[in-house]
Amino acid sequence: MARIQVNPETCTACGTCATACPAIFMIEGKKVRTFDEEHCTLCGHCLALCPVDAINIQELDSKEFPDLPQDLSISPDTLAAFLRSRRSCRVFAAKEVPQEALERLIDMARYAPSGHNSQNFEFIVVNNREMVRTLAQRTAVFYGNLYKLLSAPGVSLPPWLQAHMRGFRLNWEYYQAGKDRIFRNAPALIVIHALAENTSSAQNCHLAMAHIMLQAHTLGLGTCINGYFTTAAERDPSIVKELEVPKENKIFTCCTVGYPVLKFRKLVQRKPPSVRWL
Ligand SMILES: Cc1cc2nc3c(=O)[nH]c(=O)nc-3n(C[C@H](O)[C@H](O)[C@H](O)COP(=O)(O)O)c2cc1C
């Protein structure tokens, strides 16, 4: 439960906090307000909006609320070009990723929205090429075994699974040839996990990942989400034993990180959106 305090000396009863927050209620025309402290999610809207800094929440540190920078303008066209220019990276330079850059990615992931502001995403950063390679190898072996199992005589597969068989087989064949088709020799990997049973964990982790990928793009780093690894780790937890993911948690997503070798010259086409306007 949050402990919300208002400084009666400075509060002007403007009501901005109550307008923004469903857990704060003004009593008409008075400085008095009631707080539903039990349902405060510590989102910080009230602190960030109050024009006279009259609000204090014991669980939050007001020093973590710097003034909004004056110029936050990014033109819609610049943002559109930036979003369109983020591409998955599968060819990484030999260069390692500096620790500070990875720290920055994790730092920015925290600002993603999360259900009830739970911020329940947890990160594992593997900034170790050898360990990334080991995880890739185990993942490839998982797909090799799966491929053999599913291609045994008499096994009939639904079309969606049939469509994945080529990828499973190639993961295994690359591994046998000493190549890495899973993480593509990336120098670093970020894994995001959260409580398996929380209904918003999946969205929280994926949104945190979006922040990581976009921040990485600003730093000239390439990323690629990896579903092969996430799927394999869920089915065979021994693949990720060193990561020590708590057993009540689940890995929801991960991405490789490194410096891209290839430089795209053009933006790309996407399908027209499937949308119904009502
Ligand atoms: C949920 C998810 C899982 C993905 N898994 C993989 C993967 O295992 N291996 C891979 O190379 N790319 C993977 N990708 C990357 C997609 O292939 C890529 O986003 C898509 O082709 C569009 O290309 P772009 O990211 O360059 O725009 C994944 C992307 C998502 C969102």
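Throughout this document, residue positions are counted from 1 along each chain, in the order its sequence is written. Per-residue local features of the predicted model are confined to residues with pLDDT of at least 70, and side-chain atom pairs are confined, for both listing and counting, to 80 or more; whole-chain, interface and lining totals are unaffected and use all residues.

Enquirer: Give me the overall build of the protein chain: which residues, what numbers.
Expert: Secondary structure counts use DSSP, requiring at least four H or I residues in a row for a helix and at least two E residues in a row for a strand, with both numbered from the N terminus. On a plain count of helices and strands, the protein chain comes out with nine helices and eight strands. Projected onto the principal axes, the alpha-carbon positions of the protein chain cover approximately 75 × 45 × 40 Å. Looking at the 278 residues of the protein chain, the share that counts as buried comes to 26%. Within the protein chain, contacts between residues at least 6 apart in sequence are counted, and of these 76% link residues at least 24 apart. Counting other C-beta atoms within 10 Å of its own, a residue is labelled buried from 20 upward, exposed at 12 or fewer, and partly exposed in the gap between, with every C-beta atom placed from the backbone. Each residue is represented by a C-beta atom placed from its backbone, and any two residues with such atoms within 7 Å are regarded as in contact.

Enquirer: Could you give an account of the environment of Val 268, with specific residues and numbers?
Expert: With respect to the helices, strands and loops of the structure, Val 268 is situated in the segment after β8 (249-258). A residue is classified by how many C-beta atoms lie within 10 Å of it, and Val 268, with 8 of them, is exposed. For the pair Val 268 and Arg 87, spaced 181 residues apart in the sequence, the C-alpha separation amounts to 9.4 Å.

Enquirer: Pulling in residues and values, what's your account of the sheet that holds strand β5 (residues 122-126)?
Expert: Sheet strands line up and pair through hydrogen bonds in the backbone, either parallel or antiparallel. At least two bridges found by DSSP between two strands are what make those strands a pair. Here four strands make up an open sheet; going across it, the order is β5-β6-β8-β7 and the pairing antiparallel. Looking at which strands have only one partner, the edges of the open sheet turn out to be β5 and β7 (222-225). Going across the sheet, the axis of each strand differs from the next one's by a mean of 25 degrees, ignoring polarity. Structural elements are reduced to axes, namely lines fitted to C-alpha atoms, with helices fitted over the stretch in contact, and the angle between N-to-C directions of any two is expressed from 0 to 180 degrees. Set on the sheet, helix α4 (residues 99-109) makes contact with β5, β6 (188-195) and β8; between it and β5 the angle comes to about 165 degrees. Contacts from helix α9 (residues 227-235) reach β7 and β8, with the element oriented near 150 degrees to β8.

Enquirer: Could you give an account of the domain arrangement of the protein chain, with specific residues and numbers?
Expert: Each assigned domain of the protein chain is listed with its residue range as follows: domain 1 (4-64) and domain 2 (76-131 + 181-258). Here the bounds of each domain stem from an automatic or database domain assignment. Just the C-alpha atoms count here: the centres of domain 1 and domain 2 sit 35 Å apart.

Enquirer: Go over helix α7 (residues 165-176) with me, naming the residues and quoting the values.
Expert: Between its terminal C-alpha atoms α7 stretches 17 Å, which fits the 16 Å expected from twelve residues at 1.5 Å a residue. Taken as a whole, α7 has its buried residues at Phe 168, Asn 171, Trp 172 and Tyr 175. Down the axis, α7 shows its buried residues gathered within 90 degrees of arc, on one side only. Buried-residue contacts for α7 involve α5 (129-150) and α9. For a helix, the expected span equals 1.5 Å multiplied by the number of residues minus one. In this description, the arc belongs to the directions extending from the helix axis to the C-beta atoms.

Enquirer: Please give an account of the site of the ligand that cites residues and values.
Expert: Each residue receives a C-beta atom placed from its backbone. It is near a molecule or strand if this atom lies within 6 Å of it. Taken together, the residues surrounding the ligand are Arg 87, Ser 88, Arg 90, Cys 224, Ile 225, Asn 226, Gly 227 and Tyr 228. At the level of elements, β7 and α9 are the ones that each hand at least two residues to the shell around the ligand. The nonpolar class holds Ala, Val, Leu, Ile, Met, Phe, Trp, Tyr, Cys and Pro. Asp, Glu, Lys and Arg form the charged class, and all remaining residues, Gly among them, are polar. Here the shell around the ligand is composed, by residue class, of three nonpolar, three polar and two charged.

Enquirer: Before we move on, could you go through the pairing of β6 and cite the residues and values that matter?
Expert: When you tally the buried positions in β6, you get seven out of eight residues, the bulk of the element. As paired strands, β5 and β6 are joined by five bridges and run antiparallel to one another. Opposite Val 126, over in β6, you have Leu 189 as the bridge partner.

Enquirer: Pulling in residues and values, what's your account of the nonpolar core?
Expert: Across soluble globular proteins, you tend to see nonpolar side chains buried next to one another. The biggest cluster of nonpolar side chains holds 47 residues, and the ones touching the most others in it are Tyr 143, Leu 189, Ile 190, Ile 192, Ile 212 and Val 257. Of all the secondary structure elements, the ones that give two or more residues to this core are α4, α5, α7, β6, α8 (201-218), α9 and β8. Among the elements that take part in this core, α5 stands out by supplying eight residues, more than any other. Not counting chain neighbours up to four residues away, the residues in contact with Ile 192 comprise Phe 121, Phe 123, Cys 205, Ala 208, Met 209, Phe 252, Thr 253 and Cys 254. If you look at the next biggest cluster of nonpolar residues, it comprises eleven residues, including Cys 17, Phe 35, Cys 50 and Ile 55. The term nonpolar core refers to a group of buried residues, namely Ala, Val, Leu, Ile, Met, Phe, Trp, Tyr and Cys, whose C-beta atoms join them within 7 Å.

Enquirer: If you had to explain the packing of α4 against α8 to someone new, which residues and values would you point to?
Expert: For the pair α4 and α8, interaxial distance at closest approach is 8 Å and the crossing angle is 140 degrees. In this view, α4 runs oblique relative to α8, as classed from their interaxial angle. Relative to α8, α4 is oriented so that their crossing is right-handed. Along its contact with α4, which presents Arg 104, Leu 105, Met 108 and Ala 109, the element α8 presents Ala 208, His 211, Ile 212, Gln 215 and Ala 216. When the residues that make up the contact of α4 with α8 are grouped by side-chain class, the tally is six nonpolar, two polar and one charged. Angles are sorted into four bins: roughly parallel if under 35 degrees, roughly antiparallel if over 145, roughly perpendicular if 65 to 115, and oblique for all others. Throughout, a crossing is termed right-handed when the near helix is turned clockwise from the far one, and left-handed when it is turned anticlockwise from it by less than a right angle.

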